[in-house]
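Residue-level structural notes
Now for the letters of each chain:
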Amino acid sequence: GSYRMLCEAQARMPPGWAPRDSLEFGAGLAPASWAAAELWPDAGLRCTAVEPNPHLRRAGAELCQAGASSSVLDGPDGAREAHRFVVAGGRALPPLSGDATAAGSVGAAPAPLIEWVNRLRPLSAQYDVVSAPYCLDSLPADALRVAVHALWARVREGG
């Protein structure tokens, strides 16, 4: 989903281009922010995640605070396997990727720097990358047009 979309965006940009900031609308746990941090690890990317649900904002912030950890776990056949997992609230969540030692595997980058907010900022706030990974598919056609226009207006020139 989000990772694939950002890979496509990266392929369409000039070589060496990297975003300075991103907006993720209807962020949930902010998968696009994590994917952007993975794709542009040296960009110093500042992410803004808009999520109206306070429980999801808190869970997303906990995930970022905990960051990604590596561990060796027993596999189903008893073999030892390396996994990436996230610790949130003291609980290990399912693996982010199968092999933590694979070069370029999702989950290898540090946790993104995300500011969690409950609503869009004024239109004057512009971003290099804008995504809406979960929320647009449930909107009626008229509301979808308004939402896409509002989000597109927040894309900075060259983004």
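Residues numbered from 1 in each chain as written. Predicted model: local features only at pLDDT ≥ 70, side-chain atom pairs only at ≥ 80, totals over all residues. Heavy atoms only, no water.

1. Digging into the sheet that holds strand E1 (residues 21-25)
To be explicit about the condition: Strand pairing follows a simple DSSP-based rule, namely that at least 2 bridges must link the two strands. Secondary structure counts use DSSP, requiring at least four H or I residues in a row for a helix and at least two E residues in a row for a strand, with both numbered from the N terminus. Note on method: axes are straight lines fitted to C-alpha atoms, helices fitted across the in-contact stretch only, with angles between N-to-C directions ranging 0 to 180 degrees.
The strand order across the open sheet formed by four strands is E6-E2-E1-E7, and the pairing between neighbours is parallel. The sheet is open, and its two borders are formed by strand E6 (113-117) and strand E7 (129-131), each paired with just one other strand. Taking each pair of neighbouring strands and ignoring which way they run, the sheet shows an average axis angle of 15°. Here three bridges tie E1 to E7, and the two strands are oriented parallel to one another. Directly across from Leu23, in E7, lies its bridge partner Val130.

2. With respect to empty space enclosed by the protein
Inclusion rule: The definitions used throughout rest on a 1 Å grid laid over the protein atoms alone, on which a cavity is an enclosed set of points accommodating a 1.4 Å probe that cannot get out and a pocket is an open set flanked by protein within 12 Å on both sides along at least five of seven lines; lining residues are those having an atom within 4 Å of a point. Grid points are joined across faces, edges and corners, and a volume is the space filled by probe spheres set on the points. Polarity classes work like this: nonpolar for Ala, Val, Leu, Ile, Met, Phe, Trp, Tyr, Cys and Pro, charged for Asp, Glu, Lys and Arg, and polar for all others, with Gly in that last group.
Evaluation of the coordinates by the stated rule reveals one cavity of 30 Å³ or more. Within this model, the largest cavity holds a volume of roughly 40 Å³. As for the largest cavity, its lining consists of Leu6, Ser22, Leu23, Glu24, Ala32, Ser33, Ala36, Val129 and Ser131. For the lining of the largest cavity, the secondary-structure elements that each account for two or more residues are E1, helix H2 (31-39) and E7. A per-class count over the lining of the largest cavity returns five nonpolar, three polar and one charged.

3. Some points on the pattern of salt bridges
Cut-off, in case you're wondering: We count a salt bridge whenever a side-chain nitrogen from Lys or Arg sits within 4 Å of a carboxyl oxygen from Asp or Glu. A 1.4 Å probe rolled over the protein chains alone gives each residue an accessible area, and that area as a share of the maximum for its type sets the label: buried under 20%, exposed over 50%, partly exposed in between.
According to the stated counting rule, one finds seven salt bridges in the structure shown. Close ionic contact of Arg156 with Asp21 constitutes a salt bridge, the shortest N to O distance being 2.9 Å. Of this pair, Arg156 sits in the segment after helix H4 (141-152) while Asp21 sits in strand E1; the two residues are 135 residues apart in sequence, bridging distant segments of the chain. Residue Asp21 is classed as buried on the basis of its relative accessible area of 9%. Put simply, Arg20, Asp21, Arg46, Asp128 and Arg156 are held in one network by salt bridges that share partners.

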